[in-house]
Number of protein chains: 2
Amino acid sequence: MARKSGSVGSETAENIRQAALGLFAREGYAATSMRQIADAVGVQPGALYNHFATKQDLLREVMAGHMQQLIAAWEEESRKFSDPFAGLEGFVRFHIRYHLGRSDAVFVSYMELRNLEPENFRQIEGMRKYYEGCLRKIVAEGVKGGQFSVADVPVAAMALIAMLTGVTAWYRTGGRLSVDEIENIYAKMALRSLGAA
Amino acid sequence: MARKSGSVGSETAENIRQAALGLFAREGYAATSMRQIADAVGVQPGALYNHFATKQDLLREVMAGHMQQLIAAWEEESRKFSDPFAGLEGFVRFHIRYHLGRSDAVFVSYMELRNLEPENFRQIEGMRKYYEGCLRKIVAEGVKGGQFSVADVPVAAMALIAMLTGVTAWYRTGGRLSVDEIENIYAKMALRSLGAA
DNA sequence: GTCTATACTCGGATAGAC
DNA sequence: GTCTATCCGAGTATAGAC
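It should be emphasised that the depicted structure is a prediction, and the values quoted were computed from it without experimental measurement. (Residues numbered from 1 in each chain as written. Chains lettered and ligands numbered in written order. Predicted model: local features only at pLDDT ≥ 70, side-chain atom pairs only at ≥ 80, totals over all residues. Heavy atoms only, no water.)

Visitor: A description of the protein's contact with DNA strand C should follow, citing residues and the corresponding values.
Guide: With respect to spatial proximity, 14 residues lie near DNA strand C, and among them M34 of chain A together with T12, Q44, N50 and H51 of chain B are the closest. One nitrogen or oxygen atom from the main chain of K55 of chain A is found 3.0 Å from a phosphate oxygen belonging to DNA strand C. When grouped by side-chain class, the residues that make up the surface near DNA strand C number four nonpolar, eight polar and two charged. (Near = heavy atom within 4 Å. Polar contact = N/O pair within 3.5 Å; in protein donor to acceptor, adjacent residues only side chain to side chain. Nonpolar A, V, L, I, M, F, W, Y, C, P; charged D, E, K, R; others polar.)

Following this line, the structure appears as structure tokens:
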């Protein structure tokens, strides 16, 4: 479940990805050294280059892998919903649940966009926009069908995504609220904000 | 308006702050070098240390200055509003307008929290929480007075702040919508999300 | 207060033995 | 594929002249 179909399966490569993801999330890409990553994996720094040509490639792979999995997971999940009302609630719940389960990848994919070289940025940004478009489509259909009422569909979609993704900034495992309760709160706020509840 | 009251006024110091702010926003703190900052200001790298003891001090000052000004601006603005309904709409409009006018400072203050050394982090995080508390108080009062209905006041406040701050991620000067139109959209969504419209 | 020059450390990446 | 060893550029910060 962890890698895009064409690439080779190497346990060390996957360990490197995991270590890099954790360090990028905690320290930031620019502040993380290849030596730190090697230490975390338990290999010598030079060994990393048997699996990734550059540090930038490592970042790109980590981010692209996350976006691919996110999109694939939503494409799967979205088939459960037919009307915009259920679709929106489904999206909210999916987004929160999925993101809370992978806070490192989410955080890195958001914070490290500016550390991507131009070509890599376009690739990742395209995936991010595609995902955003999934929500925008739901909102647009709801507006067309009269279930929702918003002044501006693209802005509403961006506002909602920002609100939902914000959960990752404060959620802590074992906190006051369960994921399910959090989903409920956000689902209600999201639907209301579109004039649908 | 730019500096805390006790400190000395030096044009070069202010130029350094401005250059650092721009570079931290564009490249990130860790990816920005003192040499770059010096280049941008038009002085030699060593000269920076006549004004700031370390790079970390520069970050702390930039972030603390922004938070201080943000809080002071809201304390001033908030006196205009008496009831929770007007207060919430006022907060939304203020937050968006203020943030869109200082996107660099906002971006840095959000993204570079993890690059603050522990003591500096506590200082800045305290100010951020104080500001968040301003919104939470408005929501709480509205719930108490029956103007709003939310399942969880702290979560609602955090969700709203995330939604509002998200504007900075997509807004571009001269875009399709004016700041005023954007304020209108978000104000309506925010009020609705609390069951108040 | 700024300059030139530099100390010292650490960064990404590579070479070649095993 | 991993190791040891290293190249070389760039990083923060300092010293001392002006």
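Visitor: Account for the relation of the copies chain B and chain A, naming residues and giving values.
Guide: Each copy of the chain is related to the other by a rotation around an axis and a translation along that axis. Each copy superposes on the other: chain B lies on chain A with an RMSD of 0.1 Å after a rotation of 180° and an axial shift of 0.0 Å. In the structure described here, the two chain copies are related by an operation that fits a two-fold rotation axis. The overlap is high: 100% of the interface residues of chain B also sit at the interface in chain A, so the same surface is used on both sides. (Least-squares fit on C-alpha atoms with pLDDT ≥ 70 in both. Contact = heavy atoms within 4.5 Å.)

Visitor: Any details on the packing of helix α1 (residues 11-27) of chain A against helix α2 (residues 34-41) of chain A? Residues and values, ideally.
Guide: Residues and elements named next belong to chain A. Relative to each other, α1 and α2 sit at 125°, their axes nearing to 9 Å. Classified by the interaxial angle, the pair formed by α1 and α2 is oblique. The crossing of α1 and α2 is right-handed. The segment α1 lies against α2, with N15, I16, A19, A20, L23, F24 and E27 engaging Q36, I37, A40 and V41. In the contact of α1 with α2, the residues fall into eight nonpolar, two polar and one charged. (Axes fitted to C-alpha atoms, helices over the stretch in contact; angles between N-to-C directions. Helix = DSSP H or I, 4+ residues; strand = E, 2+ residues; numbered from the N terminus. Parallel < 35°, antiparallel > 145°, perpendicular 65-115°, else oblique. Left-handed = near helix turned anticlockwise from the far one by under 90°.)

Visitor: So what about the environment of R192 of chain A? Which residues, and what values?
Guide: Examined against the element boundaries, R192 of chain A turns out to sit in helix α9 (residues 179-193). We classify R192 of chain A as buried; its relative accessible area is 12%. C-alpha separation for the pair R192 of chain A and F148 of chain A, spaced 44 residues apart in sequence, amounts to 9.2 Å. Apart from the residues lying within four places of it in its own chain, the contact partners of R192 of chain A are A197 of chain A together with S149, R192, S193, L194 and G195 of chain B. (Buried < 20%, exposed > 50% of the residue type's maximum accessible area, 1.4 Å probe, protein only.)

Scope: geometric values only; no functional claims are made or implied.
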